[in-house]
Amino acid sequence: MSSQTTERREKSNTPAGGATGVLDPPAEAENQTHRQSPPIEEDRQTLVKIYHQMLLIRRFEEKCAESYSLGKIGGFCHLYIGQEAVGVGAISALRDDDYVITSYREHGQAITKGISPDAVMAELYGKAGGCSHGKGGSMHLFDKRVNFLGGHGIVGAQIPLATGVAFASKYKETDQVTLCFFGEAAVNQGAFHESMNLAQLWKLPCIYICENNQYGMGTSLARAMSLQNVAEKACAYEMVSEFVDGMDVLAMRRATQRAIKRARENYLPTLIEARTYRYMGHSMSDPGNYRTRAEIEKYQKRDPIKTFTATLNDHGILSDKDIADIEAQVKAEVERAVLFAEESPEPDPSELYTNVYANPIEN
Ligand SMILES: Cc1ncc(C[n+]2csc(CCOP(=O)(O)OP(=O)(O)O)c2C)c(N)n1
Ligand SMILES: [Mg+2]
């Protein structure tokens, strides 16, 4: 092993966090973060759409938390609050016919890909008007019409599925790409490594986005992963990878655009590590005793929505009035989604076995 390799490994293996072992962004990313977002190149319409989507999913999920506490949403419910820039920035770079597949923390990505907030909220309420007809709930949102392929509850399960979808696109000679989101705890699964190997070997148009929010349930990354800079793992497969500040929506968009270009033009996969943070517990039933309020507040200071609001305001793209108008519009959209969910009927008992792919045991 060369001394250079040894040195890199030693550096990577050193937990960079404090008492909790939480990772800060690597030094170069920290500089980028504090320096500025990338220069703005997008037109106003695109920027307003991105802003609107981030705010919509933030307010939508605040309402989810409220409805869950009132007992209107049952089962598990994992919120994305704090991570919005990752999903919105990445999906904003896609074409409508591209695919998105993700984990159970997917309300925001589902809405951004084009499922209506009404259909997502109704699904959380377990109602017939939900995008999975009330049978999936929070963790299993699907809509083939917008190429949103779930919503998967098994950690890492979506990674080989995404690889298969990308294989199909290449086989059929379409130029569609697949965006696959997963948490950093999924990276320790064998399925991640098997997928990376085949995607690079077979040159598949798949973009793997690791949302490194630094915790898998209550376990910090430092306690569970030997090489904690996830992007570096791509070198084992000779795959291109990139580290991105996941609190910066435009940085996410640019990195995804670069990956899409590689995927569409040359059928090449990419691994993106987006370092981010979730403000809420792992799920609604998590009291979060494994981390401090100070740690959460540290990340809230760099809140992706607040930062983007300031950027757009500073550049004269959104006035104070525009910001207030969008806030009011979003509030109305969320209220309408709740009303839709409340008024939507319960699934009919006759629907029990439709679209269920388990064979009943035959006697
Ligand atoms: C194969 C498997 N093992 C364990 C679990 C239980 N589990 C649910 S979420 C989770 C943590 C996943 O963390 P991460 O991948 O970082 O995603 P995040 O929740 O942070 O978005 C675990 C261990 C599961 N659902 N599937
Ligand atoms: Mg995580």
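See the structure shown above.
Residues numbered from 1 in each chain as written. Chains lettered and ligands numbered in written order. Predicted model: local features only at pLDDT ≥ 70, side-chain atom pairs only at ≥ 80, totals over all residues.

Visitor: I'd like a description of the sheet that holds strand β1 (residues 99-103), backed by residues and values.
Guide: Pairing is parallel across the open sheet formed by 6 strands, whose spatial order is β2-β1-β3-β4-β8-β7. Of all strands in the sheet, those bounded by a partner on one side alone are β2 (148-152) and β7 (240-245). Adjacent strand axes in the sheet meet at a mean angle of 15°, parallel and antiparallel pairs treated alike. Sheet topology note: the strand β3 (residues 178-183)/strand β4 (residues 206-212) ladder contains 6 bridges and is parallel. Its bridge partner lying in β4, cysteine 180 is registered against tyrosine 208. (Pairing = 2+ DSSP bridges. Helix = DSSP H or I, 4+ residues; strand = E, 2+ residues; numbered from the N terminus. Axes fitted to C-alpha atoms, helices over the stretch in contact; angles between N-to-C directions.)

Visitor: Help me get a handle on the pairing of β2, residues and values and all.
Guide: Across the 5 residues of β2, 5 count as buried, placing the element largely inside the fold. As judged from the 3 bridges shared by β1 and β2, these two strands associate in the parallel manner. Bridge pairing in β2 places threonine 102 opposite glycine 151. (Buried ≥ 20, exposed ≤ 12 C-beta atoms within 10 Å, placed from the backbone.)

Visitor: Requested: an account of the nonpolar core, with residues and values cited.
Guide: By size, the foremost hydrophobic cluster in this structure holds 89 residues, and its most contacted members are Met54, Leu179, Cys180, Ile207, Ile209 and Ile272. It is helix α3 (residues 44-69) that provides the largest number of residues to this core, a total of 10 residues. Among all residues touching isoleucine 207, those that are not within four sequence positions of it are Val177, Thr178, Leu179, Cys180, Thr256, Ala259, Ile260, Ala263, Pro269, Thr270 and Ile272. (Core = buried A, V, L, I, M, F, W, Y, C linked by C-beta atoms within 7 Å. Contact = placed C-beta atoms within 7 Å.)

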